[in-house]
Amino acid sequence: MTGSRGGVLELAVLGSLHETPLHGYELRKRLNTLLGMFRAFSYGSLYPCLRGLLNDGLIVEEEPPQDTVLGRRSKIVYRLTAEGKERLQELLNQSGPSSWEDESFGIRFAFFRHTEAEVRLRILEGRRSRLEERLDRVREALSRTRERLDSYTLELQRHGLESVEREVRWLNELIDSERRSRSAPGEGEHPPGPAQAVQEETQRADTPEADR
């Protein structure tokens, strides 16, 4: 699967199926919740993605037990294969510039609990560096054009500037938390950081009460 958009959807599908096998309706619902938080999601792009993953042997189709079929919506359940788990880990281990960009950062963050600590830190630091570069450009542009802008356009630019500044502060907190977690003394697993806590809370919200 090529292209940043295709890669983001591939990661979202494989990451969702890593949690549990899903039939098409439930998978669409989860992806709409996940991808809809960060960018527009087209259902028309899902089934070509699934066909590609099936052809590559990363997922398989199965008939679920009769008592688990939800009405007549779908009898096909998609399950991750061993190759799919390897591909997911490969995607999660990527920490280059594409993982910092607006198109993919939110999805990468959503699966941080499956990502190695060192990779999480590199992505967070890369994202912060990219946003700090953006802040410098916006501030410079604003200082040059301030006198020529009407009040509404000026307020819009200020709003955008404040939004980026808030995200940088948020990233600073996450980075500090990751570093403290890595350097904390003692044995055993460290308590989940903010990134993991956010994802776990999202997962709990998407889980029906009867399944908890």
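This one's a predicted model, so the numbers in the text were calculated from it and none came from an experiment.

Cut-off values and rules
Residues numbered from 1 in each chain as written. Predicted model: local features only at pLDDT ≥ 70, side-chain atom pairs only at ≥ 80, totals over all residues. Heavy atoms only, no water. Helix = DSSP H or I, 4+ residues; strand = E, 2+ residues; numbered from the N terminus. Buried < 20%, exposed > 50% of the residue type's maximum accessible area, 1.4 Å probe, protein only. Contact = heavy atoms within 4.5 Å. Areas by Shrake-Rupley, 256 points an atom, 1.4 Å probe, with all protein chains shown as cover. Axes fitted to C-alpha atoms, helices over the stretch in contact; angles between N-to-C directions. Parallel < 35°, antiparallel > 145°, perpendicular 65-115°, else oblique. Left-handed = near helix turned anticlockwise from the far one by under 90°. Nonpolar A, V, L, I, M, F, W, Y, C, P; charged D, E, K, R; others polar. Pairing = 2+ DSSP bridges. Expected span 1.5 Å × (residues − 1). Polar contact = N/O pair within 3.5 Å; in protein donor to acceptor, adjacent residues only side chain to side chain. pLDDT = per-residue confidence, 0-100. Arc of directions from axis to C-beta. Salt bridge = Lys/Arg side-chain N within 4 Å of Asp/Glu carboxyl O. Core = buried A, V, L, I, M, F, W, Y, C linked by side-chain atoms within 4.5 Å.

This brings us to the overall build of the chain. The helix and strand inventory of the chain stands at eight helices and three strands. For the chain, with 212 residues in total, the buried portion stands at 36%. Expressed as a percentage of contacts within the chain between residues at least 6 apart in sequence, the contacts between residues at least 24 apart total 59%. In the structure as shown, the chain presents an accessible area of about 12,800 Å², 48% of it carried by carbon and sulfur atoms.

So, on to the packing of helix 6 (residues 117-145) against helix 7 (residues 151-183). Contact pair helix 6 / helix 7: the axes reach a minimum separation of 9 Å and the direction vectors enclose 155°. Here helix 6 is positioned roughly antiparallel relative to helix 7, judged by the angle of their axes. For helix 6 against helix 7, the interelement crossing comes out left-handed. The residue makeup of the contact of helix 6 with helix 7, split by class, is 14 nonpolar, two polar and 13 charged.

On to the sheet that holds strand 1 (residues 22-23), then. Across the sheet, which stays open at both edges, the three strands sit in the order 1-3-2 with antiparallel pairing between neighbours. Strands at the two margins of the open sheet, each flanked by one partner only, are strand 1 and strand 2 (59-62). With four bridges connecting them, strand 2 and strand 3 (residues 77-80) associate as antiparallel partners. Residue pairing for strand 3: Val60 is matched across the bridge by Arg79. Of the strands in this sheet, strand 2 and strand 3 touch helix 3 (residues 46-55), which is tilted by about 105° from strand 2.

Our focus in this paragraph is helix 7. The end-to-end C-alpha separation of helix 7 is 48 Å, in line with the 48 Å expected for 33 residues at 1.5 Å each. Among the residues of helix 7, those classed as buried are Leu154, Leu161, Val164, Val168, Leu171, Leu174, Ile175, Ser177 and Glu178. The N-terminus of helix 7 is capped by Asp150, whose side-chain oxygen sits 2.9 Å from the backbone nitrogen of Tyr152.

In this section: the confidence of the model for the chain. Averaged over the chain, the pLDDT score is 81; the fraction of residues at 70 or greater is 75%. Per-element mean pLDDT across the chain ranges from 47 in helix 8 (residues 194-206) up to 96 in helix 4 (residues 82-92). Below a pLDDT of 50 lies the segment residues 187-192, which in the model reaches three contacts outside its immediate sequence neighbourhood of four places, other chains included. The low-confidence segment residues 195-212 (pLDDT under 50) makes 14 contacts with residues lying over four places distant or belonging to another chain.

The complete set of buried residues in helix 3 reads Leu46, Cys49, Leu50 and Leu53. Projected down its long axis, helix 3 shows its buried positions confined to an angular sector of 100°, all on one face. Summarising the geometry of helix 3, the exposed residues directed more than 90 degrees from the buried face are Arg51 and Asn55. Positive backbone phi, at 75°, marks Gly57, one or two positions downstream of helix 3.

Turning our eyes to something else, we now look at the pattern of salt bridges. According to the stated counting rule, one finds 17 salt bridges in the structure shown. The partner of Arg179 in a salt bridge is Glu125, and the shortest N-O contact between them spans 2.5 Å. Residue Arg179 is found in helix 7, and its partner Glu125 is found in helix 6; the two are separated by 54 residues along the sequence. For Glu125, a relative accessible area of 25% puts it in the partly exposed group.

The subject of this paragraph is the nonpolar core. Counting 26 residues, the largest nonpolar core has Val13, Leu14, Leu17, Leu27, Leu31, Ile59 and Ile107 as the members making the most contacts within it. Where this core is concerned, the elements lending two or more residues are helix 1 (4-19), helix 2 (24-36), helix 3, strand 3, helix 4 and helix 5 (102-110). Discounting chain neighbours no more than four positions away, the residues touching Val13 are Leu27, Leu31, Leu46, Cys49, Leu50 and Leu53. Counting residues in each nonpolar core, the second largest holds 18 residues, with Phe109, Ile123, Leu131 and Leu135 among its members.

Okay, the packing of helix 5 against helix 6 next. Their axes nearest at 12 Å, the elements helix 5 and helix 6 cross at an angle of 145°. Considering only the axes of helix 5 and helix 6, their crossing is left-handed. Contact residues: Asp102, Phe105 and Arg108 in helix 5; Val119, Ile123, Leu124, Arg127 and Arg134 in helix 6. When the residues that make up the contact of helix 5 with helix 6 are grouped by side-chain class, the tally is four nonpolar, no polar and four charged.

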